[in-house]
Amino acid sequence: ILSEAQHEPGYCVFYDECGRNPLLNNTLVDPIVPCLNYTRAQLITGNHYKILKQVCPMFDQGENSTYACCTIKQLASLEKSLTLSKAVLVRCPSCAYNFAHLHCINTCSPNQSQTVKVTKVLNVTELNRTREAVVGYQAFIGKTFADTSFQSCKNVRIPATIGGYAIATMCGRYGAKLCTPQRWYDFQGDSSNGLAPLDIDFKIIQEGDTTGVPEGVVPYDGVALMCNETTPTGGDVCSCQDCQESCPSVLPPPPVAGHFTLLGTDGYLVISIILLILLILSFVLYLSVSCLVASHKNKKKGIHRGKGKDKDSDKAFLSSQFRIWGTIIASYPLTVLLLSLIVVAVFSVGLKDIKLTTDPVELWSAPNSRARQEKEFHDTYFDPFYRTNQVILTAPGRKGHIYDSLLFGPQNFSGIMSKELIIELLELQTRIQVLKFWSDDLNRTASLKDVCFAPLNPNNPSQTDCAVNSLPQYFQNSLDNINAKVYMTQLGVTKEVDWRDHLIYCLGSPLSFKDITDLGMSCMADYGAPVFPFLAVGGYENDAFSSAEAFILTFSLNNYARSDPKFKVAMQWEKEFLKIVQEYQKDPKNSFTFAYMAERSLEDEINRTTAEDIPIFMISYAVIFVYIAVALGEYSSWKRLLVDSKFLVGLGGILVVACSVLASMGFYSWIGIPSSLVILQVVPFLVLAVGADNIFIFVLEYQRDVRRPHETREEQIGRVLGNVAPSMLLCSLSESVCFFLGALSTMPAVKSFALYAALAVLMDFVLQMTAFVALLSLDARRQDNNRCELLCCIKVSKQRPKKPNKGFLMPFMKKYYAPVLLHRYTRIIVYFEVGVPVYFVTKKGFNFTSVDGMNAVCSSVGCDQFSLTQKIQYATNYPERSYVAIPANSWVDDFIDWLNPQSKCCRLYTSGPNAGHFCPANESGLICTKRCLGRPENDTVRPTVEEFNLYLPDFLTNRPDLQCSKGGLGAYDKAVVRDESGEIIASRFMAYHTPLTNSQEFTAALKMARELADEITVGMRSVPGTSPDFEVFPYTITYVFYEQYLTIVNEGLFNISLCLLPTFVVCCLLLGLDLRSGLLNLLTIVMIVVDTVGVMTLWSIDFNAVALINLVTAVGISVEFVSHMTRSFALSIKPTRVERAIEATAKMGSAVFAGVAMTNLPGIIVLAFAKAQLIQIFFFRLNLVITLLGMAHGLIFLPVVLSYFGPGVNKAVLLQFQQEKEKDREKAETNSHMRQVYDNISYEGNEIKQDPYSNTVDESGSKTVGKTDRL
């Protein structure tokens, strides 16, 4: 029966406390309700007045003039209730003041009857006394007051929740995003939330609107403070982070520089088109002038003889020395092979000490790089990131349903959101949680609790202390909670509420300790922390979590150093975890389709795909070997097939490559330079490309050559070697010097690759000049004796052809390809044919204990407007520029709030054995009556140095709970590192990046985070007492990998330039200071590299350290495509450039095509079937691009360029050729009667050899060049 109280000033509608609300059970605080009592407001004096002034200062009219409608007991209950909320609101004094103002008006206002209408009373018996108690009332509030109060509180943050808002914990299922003043007040007045002792129906009334307002009621519309106003009690304005109106005027960042444009389009494209037009015009002008000059010259046939320059004498010297060397090696093949084997064996002994670097950090980050040093600092003082093991489950094909909730209205539930599947998920989760295994490292049975991440009980965790994030955690992993249901009445409607109502509420308010249903269950996980929706479900839009299409199950483990025994235990647990998941996946009874991963999965996958791709590499090398063995053979007759094949020579060439790689790896392993999988995969490919080219050039030159009169087999091999070895030396020396200089790189992977490659290429050349020459000598002896290759005892009767073997490619190149390519019109056509969480870590040297120090870091009331955390907050206002999405948490802010006497977080025992020591908030107030700090005059709490050092350890070990949500255990206990003296030597503040999806964004985020950290450092160094070398730096686990992208362009230009320089120098030197040949050689190689980078962009190949290694390799392979051709052209004695280009293309182009292009392409194509993405992208795609571009430039572009701009005829070579020709002709005439004898010597008496000197220039370009090449 409701009282007939009148709504008039100076009267109360309830007064004093009657006891517990009999309608409420399982509440978070005692639901003490007031007694119905229509009486005048009471004069407040003495202690009653002091308490009122402290709790509700807005009623203070002086000790003898203050009236109120509440007793001391009511004030005590009100203070206790307000303390819970003030723990999160106190960082903004005006918000805390407004919040208290509202509830003081309802509870203690002397005009209570004008703003409150009692709607429900019950008889309550307390101490054998029965009285009418108020269990429900309406509170009428003016809209201006309500809106201003809400606005002052809506941006107050809870730092420990990483940018979370306090309002999110006070608005039920709506959270911060959907919260409104009405929803905020509705939650506060909802007794089902576990905090409100009775039902309060807040009525927000627009000014002048009397609809629904009882007669005599005057909606309270007192003065509410804005967040940028000081409080009457002296509280300062709220900080910028909690109040946008308090933010200073900060200039927005300058706009991003737009793309360079000209004439309304891409400026670089316009410039490129202009340059292309200028190049075409220049070339046309060059052709016109050349034709004009040529028409005025006397056309003379033949070439004037003259003396060569002394600068060409080094060519003859090199040829003669290699001729002598080759003759000696060919004369003693078995001895040379044995000595070569011994040398390789000695070098390879070092392989017993080989160390493979598999840690990506060691591979791609230089030890002295900034990111590496910052990582080492972070890992020295803080724990590494925990290990994540995750299962993502979906149930495709299941139909969803609409659930008509009593409390929340119609809600869409997806097919996976069913009780059956949640229970099935819980069964899987439980099966994983209880798994056990024997650990040799612990010498006992181990389980999840031995390695799990337990933020709230890290020292001695139980299974339920382990951080497991999943949807069943909203039910505390309890099957009974999932099955719970109860009938509930709302607005006269009674319906059943079940797991769905609880889930809807928890998905919107994960920080709640109690839902608003009659189920009364908590939303917190069993390990004591909240589970945010994005950690439990996936596949939703616009925060419609109940329509999510996936469950997410995450087990977090501690991360340990690899030397720690528990690292192996964690790896074992993950192995068992994967077993269970894989078994579950194969079970036909399971209802899910899912993906899963463990922290070790990446390493396992790399090892698995590497192991699976080993056969691919073996097939690749086998294909190359078969090609070399087949392509090197001379096939003139089926009867001589086994005689003329070159299976053993091909095998020997492959073994030479393998031995050079083994020798290089053994040497560097012996001196302590580690290898890597990249080296094992790339270096053999590179050396094979170089080695196969040299093998083809040497063998084909020998096959095309004719043995001279009185010349032994060994002398012929020596002479042929003298012809081609300078060219082989040119390429090998260029590549080796290139790679040795590449070792100056700061990237460890690039540096080690360059060292291994340089020595391998050098060893390959040495072994080709020794072991392979010896092997060819043995094979030539076998072939001359008509013995089969694999069956040496068997001879064939079919004699060797009289003519030298030119193969297929050389005639094709000479008769068709070169003439068409170098036609006057084709040349012109060819010439122009050709885009996470992050820690801000502080180092030693900053005084956090001083007031200035705290203000320079914190972001709550009284803090500097440009403090560390405030600058991070400003950065989040421009996430598209800063890549920072969520402000940093701050242990300094929460420590100050924890110390605030308005909360009950920091108290001291006043009795018992612990008197004077810290008392947790969950202890009884009877034994902990003293606050750690007294209440400051201006409500801005700052501890003294002594207080700071005394209470900081208590804060860091205080477990947060309902009574005190500001405890630092779990959030900050590992964020502060102190030395033995108590000085803070390292601390960290965690923010979050925006979602980063590609290397460009990761790199930009790193760059911007460093700029922000540098700004913070400058500001904090200005604080008195700060060390001049104090530093703040950003850190996240990905920075060490993406730092390379900050310098990759400069690093790439540096390394490639270092490779190009020796290529140019060596080419000039070995061609007798021929600058023109060196420049054309360099130009073509640069074009190959530039075009490769262009195709990388078109084919989505990122430019990173692996790509840089391949680009350095591209320079080496380009040398093979280009340098042989350039040298062949430079040494040709044909009268015109076009003829010399035709001869070089026919002779050397065929060898290069067979030796480089056709050797690489089959092996590369096989790599297309590899499973590892690394091999697919950086080995198949990139090497295919390099080979095709190298072939196009070396065999198409270069001959055309040489035909226009190549050097003139080398007169020294021409003179020496003519002198030798005359000498040989005299010998031929003198010994004409001995020709048959010579022929018999040449072909072991089996064949008659044609005159090797007939038609020297016109028909035997190969023989002519052969004679000159030995220079």
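A quick note: this is a predicted structure, and the numbers were derived from the prediction, not measured.

A tally of regular secondary structure across the chain gives 39 helices and 32 strands. Taken across its 1271 residues, the chain has 54% of its residues classed as buried. Accessible area of the chain: about 55,300 Å², with a carbon and sulfur share of 58%.

The next thing to look at is the state of the cysteines. Here is the idea: a disulfide is a covalent bond, and it sits between the sulfur atoms of two cysteines. Here the structure, examined in full by the defined rule, presents 15 disulfides. Between the sulfur atoms of C506 and its disulfide partner C523 the distance amounts to 2.0 Å. Around the S-S axis, the bridge from C506 to C523 shows a dihedral of about -80 degrees and counts as left-handed. One end of the pair, C506, is in helix α14 (residues 499-508); the other, C523, is in the loop between α14 and α15 (533-536), with 17 residues separating them in the sequence. No difference in accessibility class separates C506 from C523, as the two residues are buried. Note on cysteine connectivity: C858 is disulfide-linked to C863, with sulfurs 1.8 Å apart. Taking the sign of the torsion about the S-S bond as the criterion, the disulfide between C858 and C863, at about -115 degrees, is left-handed. Classification of C863 by relative accessible area gives buried; the value is 12%.

This next bit is on unusual backbone geometry. Despite not being glycine, L127 has its phi angle at roughly 55 degrees, a positive value. Checked against the element boundaries, L127 lands in the loop between β5 (116-126) and β6 (129-142). Of note, N128 is a non-glycine position whose phi angle comes to about 60 degrees, a positive value. Since its relative accessible area comes to 80%, N128 is described here as exposed.

To continue, consider the nonpolar core. In terms of nonpolar packing, the biggest core is built from 127 residues, with V683, F698, F739, F753, V1115 and F1178 touching the most fellow members. Grouped together as the second largest cluster of nonpolar side chains are 69 residues, F475, A525, L557 and F592 included.

Side chains of F260, L262, L263, Y268, L269, I271, I273, I274, L275, I277, L278 and L281 sit close together on the surface and give an oily, nonpolar patch of about 1,200 Å² of accessible area. At nine residues, the largest contribution of residues to the nonpolar patch is made by helix α7 (residues 267-295).

Attention now goes to the sheet that holds strand β28 (residues 918-919). Strand pairing in a sheet relies on backbone hydrogen bonds, with the paired strands running either antiparallel or parallel. Read from one edge to the other, the open sheet built from three strands follows the order β28-β27-β29, with strand pairing classed as antiparallel. Looking at strand neighbours, the two that pair on one side only are β28 and β29 (930-931), the edges of this open sheet. Strand direction decides the pairing type here: strand β27 (residues 907-908) and β28, joined by two bridges, are antiparallel. Across the sheet, the residue bridging to R907 is C919, located in β28.

Right, let's get into the environment of L52. As for its position among the elements, L52 is in helix α1 (residues 46-55). Owing to a relative accessible area of 2%, L52 belongs among the buried residues under this scheme. Through-space distance from the C-alpha of L52 to that of C108 is 8.8 Å; in sequence the pair is 56 residues apart. Apart from residues lying up to four places away in sequence, L52 is in contact with I44, P57, F59, T66, A68, C70, L75 and C108.

With that settled, the discussion passes to the packing of aromatic side chains. Two aromatic rings, taken as a pair, are described by how far apart their centres are and by the angle between their planes. Under the criterion given, the structure shown has 40 aromatic pairs. On the numbers, 6.0 Å between centres and 45 degrees between planes, the contact of F347 with F667 is tilted. Remark: F667 occurs in helix α19 (residues 647-670) and F347 occurs in helix α9 (residues 333-348); sequence separation between them is 320 residues. Plain terms: the ring middles of F594 and Y596 are 6.3 Å apart, the flat faces sit at 55 degrees to each other, and that makes the pair tilted. Taking the relative accessible area as the measure of exposure, F594 reaches 9% and is therefore buried. Chaining the aromatic ring pairs together yields one cluster made of F846, F848, W891, F895, W898, F918, F948, F955, Y972, F989 and F1030. Against the face of Y174 rests R183, its NZ or CZ located 3.9 Å from the ring centre.

Throughout the structure, instances matching the rule amount to 27 salt bridges. Measuring nitrogen to oxygen at the nearest pair gives 2.8 Å for the salt bridge that ties R91 to D242. In this pair, R91 sits in the loop between α2 (72-89) and α3 (93-108) while D242 sits in the loop between β9 (199-205) and β10 (261-262), placing the two residues 151 residues apart along the sequence. Among the ionic pairs, K375 bridges to D379, the shortest N-O distance being 2.6 Å. Linking K375 with D379, this pair stays in helix α11 (residues 370-381), spanning four residues, or about one helical turn. Overall, the relative accessible area of 28% leaves D379 in the partly exposed class. Residues participating in the shared-partner salt-bridge network are R91, D242, D893, D894, D897 and K966.

A separate point is helix α16 (residues 565-586). Taking 1.5 Å per residue, 22 residues should reach 32 Å; α16 reaches 32 Å between its end C-alpha atoms and fits that length. All of the buried residues in α16 are F567, V569, A570, M571, W573, E574, F577, L578, I580, V581 and Y584. Put simply, D564 is the residue that caps the front of α16, since its side-chain oxygen is 2.8 Å from the backbone nitrogen of K566.

This part covers the packing of α9 against helix α22 (residues 748-784). Packed helices, taken two at a time, are described by the angle between their axes plus the distance between the axes. Their axes nearest at 9 Å, the elements α9 and α22 cross at an angle of 145 degrees. For the element pair α9 and α22, the recorded crossing hand is left-handed. For the pair α9 and α22, the contacting residues are P333, L334, V336, L337, S340 and V344 in the first and L767, T770, A771, A774, S777, L778 and R781 in the second.

Glancing now at the environment of Q473. Checked against the element boundaries, Q473 lands in the loop between β18 (468-469) and α13 (479-483). A residue is classified by how much of its surface remains accessible, and Q473, at 0% relative accessible area, is buried. If sequence neighbours within four positions are ignored, Q473 has contacts with V468, C523, M524, A525, D526, Y527 and V531.

Spanning 16 residues, α9 covers 22 Å between terminal C-alpha atoms, matching the ideal 22 Å at 1.5 Å per step. All of the buried residues in α9 are P333, V336, S340, V344 and S348. Down the axis, α9 shows its buried residues gathered within 100 degrees of arc, on one side only. Exposed residues pointing more than 90 degrees away from the buried face of α9 are listed as L334, L338 and V346.

Take the pairing of strand β31 (residues 984-993) next. Counting buried positions along β31 gives nine out of 10 residues, so the element sits mostly inside the fold. When strand β25 (residues 837-842) meets β31, the two strands line up antiparallel, connected through six bridges. Paired with P837 across the bridge in β31 is Y992. Taken together, the two bridges between strand β26 (residues 884-886) and β31 define a ladder with antiparallel strand orientation. Looking at the pairing, I886 lines up with Y992 of β31. Bridge count for strand β30 (residues 976-978) against β31 is three bridges, and the pairing is antiparallel. Residue pairing across strands places V976 opposite S987, the latter belonging to β31. In this structure, the hairpin formed by β30 and β31 is closed by a connection of five residues, where G982 is found at a positive phi of approximately 95 degrees.

Let us look at the environment of V630. Structurally, V630 is set in helix α17 (residues 601-631). Residue class for V630 comes out partly exposed when judged on its relative accessible area of 49%. Placed 17 residues apart in sequence, V630 and F647 show a C-alpha to C-alpha distance of 7.0 Å.

Confidence in the prediction for the chain averages 83 pLDDT; 87% of positions are at 70 or higher. Predicted confidence is poor over residues 830-835, with pLDDT under 50, and the contacts of this stretch with residues over four places away or in other chains come to 18 contacts. Here residues 1233-1271 scores under 50 on pLDDT; set against residues more than four positions off or in separate chains, the count is 91 contacts.

With that settled, the discussion passes to the packing of α22 against helix α34 (residues 1105-1130). The interhelical angle for the contact between α22 and α34, taken along N-to-C directions, is 25 degrees, at an axis separation of 9 Å. What the angle tells us is that α22 and α34 run roughly parallel. In terms of crossing hand, the pair formed by α22 and α34 is right-handed. On α34, the residues that touch A749, V750 and F753 of α22 are A1105, L1108, I1109, V1112 and T1113. Its residues assigned to classes, the contact of α22 with α34 comprises seven nonpolar, one polar and no charged.

What counts and what doesn't
- Residues numbered from 1 in each chain as written.
- Predicted model: local features only at pLDDT ≥ 70, side-chain atom pairs only at ≥ 80, totals over all residues.
- Heavy atoms only, no water.
- Helix = DSSP H or I, 4+ residues; strand = E, 2+ residues; numbered from the N terminus.
- Buried < 20%, exposed > 50% of the residue type's maximum accessible area, 1.4 Å probe, protein only.
- Areas by Shrake-Rupley, 256 points an atom, 1.4 Å probe, with all protein chains shown as cover.
- Disulfide = S-S within 2.5 Å.
- Core = buried A, V, L, I, M, F, W, Y, C linked by side-chain atoms within 4.5 Å.
- Patch = residues over 30% accessible without salt bridge, like charges linked within 9 Å, V, L, I, M, F, W, Y side chains within 5 Å.
- Salt bridge = Lys/Arg side-chain N within 4 Å of Asp/Glu carboxyl O.
- Pairing = 2+ DSSP bridges.
- Contact = heavy atoms within 4.5 Å.
- Phe/Tyr/Trp six-rings, centres within 6.5 Å; stacked < 30°, edge-to-face > 60°.
- Lys NZ or Arg CZ within 6 Å of the ring centre and 35° of its normal.
- Expected span 1.5 Å × (residues − 1).
- Polar contact = N/O pair within 3.5 Å; in protein donor to acceptor, adjacent residues only side chain to side chain.
- Axes fitted to C-alpha atoms, helices over the stretch in contact; angles between N-to-C directions.
- Left-handed = near helix turned anticlockwise from the far one by under 90°.
- Arc of directions from axis to C-beta.
- pLDDT = per-residue confidence, 0-100.
- Parallel < 35°, antiparallel > 145°, perpendicular 65-115°, else oblique.
- Nonpolar A, V, L, I, M, F, W, Y, C, P; charged D, E, K, R; others polar.

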